[in-house]
Amino acid sequence: MTIDWSNLGFSYIKTPWRFLATWKDGSWNEGELTEDNYLHIHEGSTALHYGQQCFEGLKAYRRKDGGINLFRPDENSKRMNRSAYRLRMPEVPEDFFLDAVKQVVKANQEYVPPYGSGATLYIRPLLIGVGENIGVSPAPEYIFTVFCMPVGPYFKGGLTPTNFIVSDYDRAAPNGTGAAKVGGNYAASLLPGYEAHQRKFSDCIYLDPETHTKIEEVGSANFFGITADNEFVTPKSPSILPSITKYSLLHLAQHSLGLTPVEGDVYLNELDRFVEAGACGTAAVISPIGGIQNGEDFHVFYSETEVGPQTKALYDQLTGIQFGDIAAPTGWIFDVPLK
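Not measured: the values here are computed from a predicted model. (Residues numbered from 1 in each chain as written. Predicted model: local features only at pLDDT ≥ 70, side-chain atom pairs only at ≥ 80, totals over all residues. Heavy atoms only, no water.)

### Topic: the side chain of Arg62
Mapped onto the secondary structure, Arg62 falls in strand 5 (residues 58–62). From its side chain, Arg62 meets the backbone oxygen of Val112 in a polar contact 3.3 Å long. Beyond its immediate stretch of four places on either side in the chain, Arg62 contacts Gly67, Ile68, Gln109, Val112, Pro113, Pro114, Tyr115, Phe323 and Leu338. (Helix = DSSP H or I, 4+ residues; strand = E, 2+ residues; numbered from the N terminus. Polar contact = N/O pair within 3.5 Å; in protein donor to acceptor, adjacent residues only side chain to side chain. Contact = heavy atoms within 4.5 Å.)

### Describing the pattern of salt bridges
All told, the structure shown has 11 salt bridges when counted by the stated rule. Lys24 serves as the salt-bridge partner of Glu141, at 3.8 Å between the closest nitrogen and oxygen. Of this pair, Glu141 sits in strand 8 (residues 141–151) while Lys24 sits in strand 1 (residues 18–24), placing them 117 residues apart in sequence. The partner of Arg273 in a salt bridge is Glu231, with the nearest N and O atoms 3.8 Å apart. One end of the pair, Arg273, is in the loop between strand 14 (260–264) and strand 15 (274–281); the other, Glu231, is in strand 13 (residues 231–235), with 42 residues separating them in the sequence. Arg273 gets classed as partly exposed once you look at its relative accessible area, which sits at 30%. Several salt bridges converge on common partners, so that one network encompasses Arg63, Asp65 and Asp335. (Salt bridge = Lys/Arg side-chain N within 4 Å of Asp/Glu carboxyl O. Buried < 20%, exposed > 50% of the residue type's maximum accessible area, 1.4 Å probe, protein only.)

### Observations concerning the side chain of Gln52
As for its position among the elements, Gln52 is in the loop between helix 1 (46–49) and strand 4 (53–55). One polar contact links Gln52 to Tyr142, side chain to side chain, over a distance of 3.1 Å. Ignoring anything within four residues of it in the chain, the contact list for Gln52 reads Thr46, Ala47, Leu87, Arg88, Met89, Leu127, Ile128, Gly129, Pro138, Ala139 and Tyr142.

### Brief notes about empty space enclosed by the protein
Taken as a whole and assessed by the stated rule, the structure comprises 4 cavities of 30 Å³ or more. When its volume is computed, the largest cavity comes out at roughly 70 Å³. Along the walls of the largest cavity sit Gly57, Leu58, Lys59, Tyr61, Phe71, Asn76, Ile244, Thr245, Thr282 and Gln322, which together make up its complete lining. For the lining of the largest cavity, the secondary-structure elements that each account for two or more residues are strand 5 and helix 5 (244–255). Considering every element that reaches the lining of the largest cavity, the biggest residue donor is strand 5, with 3 residues. Classifying every residue of the lining of the largest cavity gives 4 nonpolar, 5 polar and 1 charged. The two domains that each donate at least three residues to the lining of the largest cavity are domain 1 (16–149) and domain 2 (160–321). (1 Å grid on protein atoms, 1.4 Å probe; cavity = no way out; pocket = protein on both sides within 12 Å on 5 of 7 lines; lining within 4 Å. Points joined across faces, edges and corners; volume = space filled by probe spheres on them. Nonpolar A, V, L, I, M, F, W, Y, C, P; charged D, E, K, R; others polar. Domains from an automatic or database assignment.)

Next up, the structure:
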């Protein structure tokens, strides 16, 4: 396959190898790499009927020296296990998770985009309930699989501001599964996202489900805003997915840019306090927000056409660490042995 690395979108591309393991009778088997990109599961599988499944998303980055980095994959493992606990699924041991990810990256290393292309290898760990079942109860068996593909920017244009619209729909319920990375949350977002795209917005802004006064998430990404007095602010709520990228940016904002990190309420009627704003996540990385449509009101942040200086500095710092050009905080970077 010939790949135009500089013009990749965010879409599925079959790579040769993926990892597959099964849980039965209280334990995981050792798992193996397979070339089969189809899952063969029982028609009664709880993943199909009751949404008993969770997943993760992380990336592999080609360094200038040809090596490959993973960015904080241990945090993905921890988050998957929190999601699994919420849905009564067995944990995937962290060492097992990390080894599976490294096996998949190593086996598909020719699909890790070259340094300087701006593209990455997206990795999708997936945990699903399978086996003979029809009642609303945990599955008798589980599959853990990891597959990957090269990708470009999640939002078209990369580090270019785009506009978003406030949605009337709720992404998650109070005390629901908003903090877990489960498929049901994303299924619920398909209609709001479609309606936003129909109106020529990149995606929609979800408000807190209790009061509808505070920003929670931006599509499938987390929100951040930067104030005139140098605060880096992200929403805090039990129904927000805890983004690994967001927490990394909170650290970098303080220790690399000298900003004050704040997790707190982001009220929709107080957007004037922010001079820059963006969406962040593994897929989105950092996507600057040009403006937000809320009913008849349209609020512009730094610019609809240019990225703000603090957002650009954060993006350069984060991607510099991920691609190995900037020294990372201890424990953030995992090398993938290629021999």
